[in-house]
Amino acid sequence: MNPLIAPSILAADFANLQAEVEMINGSEADYIHVDIMDGVFVPNISLGLPVLEAIHRHAKKPLDVHLMIVEPDKYLAPCQKAGASQLTVHIEACPHLHRTVQAIKELGCKAGVALNPHTPVKFLEDIIREVDVVLLMSVNPGFGGQKFIDNTYKKVNALTRLIVETGSHARIEIDGGVSMDNAGKLFSAGANILVAGHFVFSSKSPAETIKKLKNIV
Ligand code: DX5
Ligand code: ZN
């Protein structure tokens, strides 16, 4: 599978959001990753439905929405209405994950499940065949610009094994601290989608950086 890149809008200039979305439109990016935080599940607040809707108005790439919120079930339909193509919920926030995954799919979105750094891949054993994407957090969620956690490689290997063993079609997405230092190794280990925020938006030419990440292997 071709490496896919999802620039994270969290690291963009929110005062120039339209221009930032247009930069991604004109780049080789495959998605726009949108982080929604509630200040409860994670110790930060980012953006909500009106901003998601505004991004969608200008976006020409599918919106990959990462919900770092408690009780995500309440917001699945509003997120789909605001433009989400892929909706990812945290396993740690979903006591009825099977039901939540079905609800996402019934809305016509791709269903993603995110795992915090301490959450073992084996917790996905009985849901992996239902899931379109597994997002492995490679930093503790809540903030951009953090240091990549090396244990992630081990989790990519375990997840790749689980996907093969179960015949799942799930893709592997990595979120947090992605840069040229780890992108090649992650893709080689079996990752399919890399989220990159700080590394892309703090670079001189974000579109060029997206291209470099995408073509690293
Ligand atoms: C962190 C978010 C990430 C974040 C990644 O909680 O889920 O999507 O934007 O940012 P970088 O690439 O800067 O670590
Ligand atoms: Zn994210």
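The following paragraphs examine the structure supplied in this document. (Residues numbered from 1 in each chain as written. Chains lettered and ligands numbered in written order. Predicted model: local features only at pLDDT ≥ 70, side-chain atom pairs only at ≥ 80, totals over all residues. Heavy atoms only, no water.)

## Overview of the environment of Lys 81
For Lys 81, the location among the structural elements is in helix α3 (residues 76–81). According to the relative accessible area criterion, Lys 81 is exposed, its value standing at 74%. In this structure the C-alpha to C-alpha distance between Lys 81 and Pro 206, which are 125 residues apart in sequence, comes to 29 Å. (Helix = DSSP H or I, 4+ residues; strand = E, 2+ residues; numbered from the N terminus. Buried < 20%, exposed > 50% of the residue type's maximum accessible area, 1.4 Å probe, protein only.)

## Observations regarding the pattern of salt bridges
Under the criterion given, the structure shown has five salt bridges. Note that Asp 30 is salt-bridged to Lys 214, the shortest N-O span being 2.9 Å. Taken together, the positions of Asp 30 in the loop between α1 (17–25) and β2 (32–37) and Lys 214 in helix α8 (residues 206–214) put the pair 184 residues apart, joining distant regions of the chain. (Salt bridge = Lys/Arg side-chain N within 4 Å of Asp/Glu carboxyl O.)

## Looking at the layout of surface pockets
Size it by volume and the largest pocket reaches roughly 300 Å³. Considering the residues around the largest pocket, the lining is formed by 27 residues, among which Gly 144, Gly 145, Gly 176, Gly 177 and Gly 197 are closest to the centre. For the lining of the largest pocket, the residue count by class is 13 nonpolar, 12 polar and two charged. Looking at the second largest pocket, its volume works out to about 160 Å³. Along the walls of the second largest pocket sit Ile 36, Met 37, Asp 38, Leu 47, Gly 48, Leu 49, Leu 67, Ile 69, Val 70, Tyr 75 and Cys 79, which together make up its complete lining. Residues of the lining of the second largest pocket, tallied by class, amount to nine nonpolar, one polar and one charged. (1 Å grid on protein atoms, 1.4 Å probe; cavity = no way out; pocket = protein on both sides within 12 Å on 5 of 7 lines; lining within 4 Å. Points joined across faces, edges and corners; volume = space filled by probe spheres on them. Nonpolar A, V, L, I, M, F, W, Y, C, P; charged D, E, K, R; others polar.)

## Section: the site of ligand 1
Not every one of the 20 residues close to ligand 1 is listed here, only the nearest: Ser 8, Asp 35, Gly 142, Asp 175 and Gly 197. Here an oxygen atom of ligand 1 and a backbone polar atom of Gly 145 are 2.8 Å apart. When the free accessible area of ligand 1 is taken as 380 Å², the share hidden by the protein chains comes to 98%. Taking a 2 Å distance to the grid points as the criterion, the majority of the atoms of ligand 1 fall inside the largest pocket. Looking at the shell around ligand 1 residue by residue, the class counts come to eight nonpolar, 10 polar and two charged. (Near = heavy atom within 4 Å. Polar contact = N/O pair within 3.5 Å; in protein donor to acceptor, adjacent residues only side chain to side chain. Areas by Shrake-Rupley, 256 points an atom, 1.4 Å probe, with all protein chains shown as cover. Sits in = over half its atoms within 2 Å of the grid points.)

## Considering unusual backbone geometry
One non-glycine residue with positive phi stands out, namely Glu 71, at about 50°. According to the relative accessible area criterion, Glu 71 is partly exposed, its value standing at 44%.

## Details of the sheet that holds strand β8 (residues 193–196)
As summarised here, the arrangement of the eight strands in space is β1-β8-β7-β6-β5-β4-β3-β2, forming an open sheet in which the pairing is parallel. Taken across any chain shown, the strands that pair with only one partner, and hence form the sheet edges, are β1 (4–7) and β2. When strand polarity is set aside, the average angle formed by the axes of neighbouring strands in this sheet is 25°. Helix-sheet contacts for helix α2 (residues 49–58) involve β2 and β3 (63–68), and the interaxial angle to β3 is about 170°. Running at roughly 165° to strand β7 (residues 171–175), helix α5 (residues 152–166) makes contact with β5 (110–115), β6 (133–137) and β7 of the sheet. (Pairing = 2+ DSSP bridges. Axes fitted to C-alpha atoms, helices over the stretch in contact; angles between N-to-C directions. Contact = heavy atoms within 4.5 Å.)

## Re the environment of Ala 77
Summarising the element assignment, Ala 77 is placed in helix α3. Under the relative-accessibility criterion, Ala 77 is labelled partly exposed at 39%. C-alpha separation for the pair Ala 77 and Leu 107, spaced 30 residues apart in sequence, amounts to 6.9 Å.

## Some thoughts on α5
An ideal rise of 1.5 Å per residue puts 21 Å on 15 residues; α5 measures up with 21 Å between its terminal C-alpha atoms. Where α5 is buried, its residues contact β5, β6, β7 and α6 (183–189). Count one or two residues on from α5 and you reach Gly 167, which has phi positive near 70°. (Expected span 1.5 Å × (residues − 1).)

## Description of the pairing of β1
In β1, alternate side chains face the same way, and those of Leu 4 and Ala 6 on one face and Ile 5 and Pro 7 on the other are all buried. Pairing of β1 with β8 involves four bridges; the strand directions are parallel. Paired with Leu 4 across the bridge in β8 is Ile 193.

## Side note on α1
Among the residues making up α1, those that are buried are Leu 17, Glu 20, Val 21, Met 23, Ile 24 and Asn 25. Against β1, β2, α2, α7 (198–201) and α8 lie the buried residues of α1.

In short, geometric facts, not functional conclusions.
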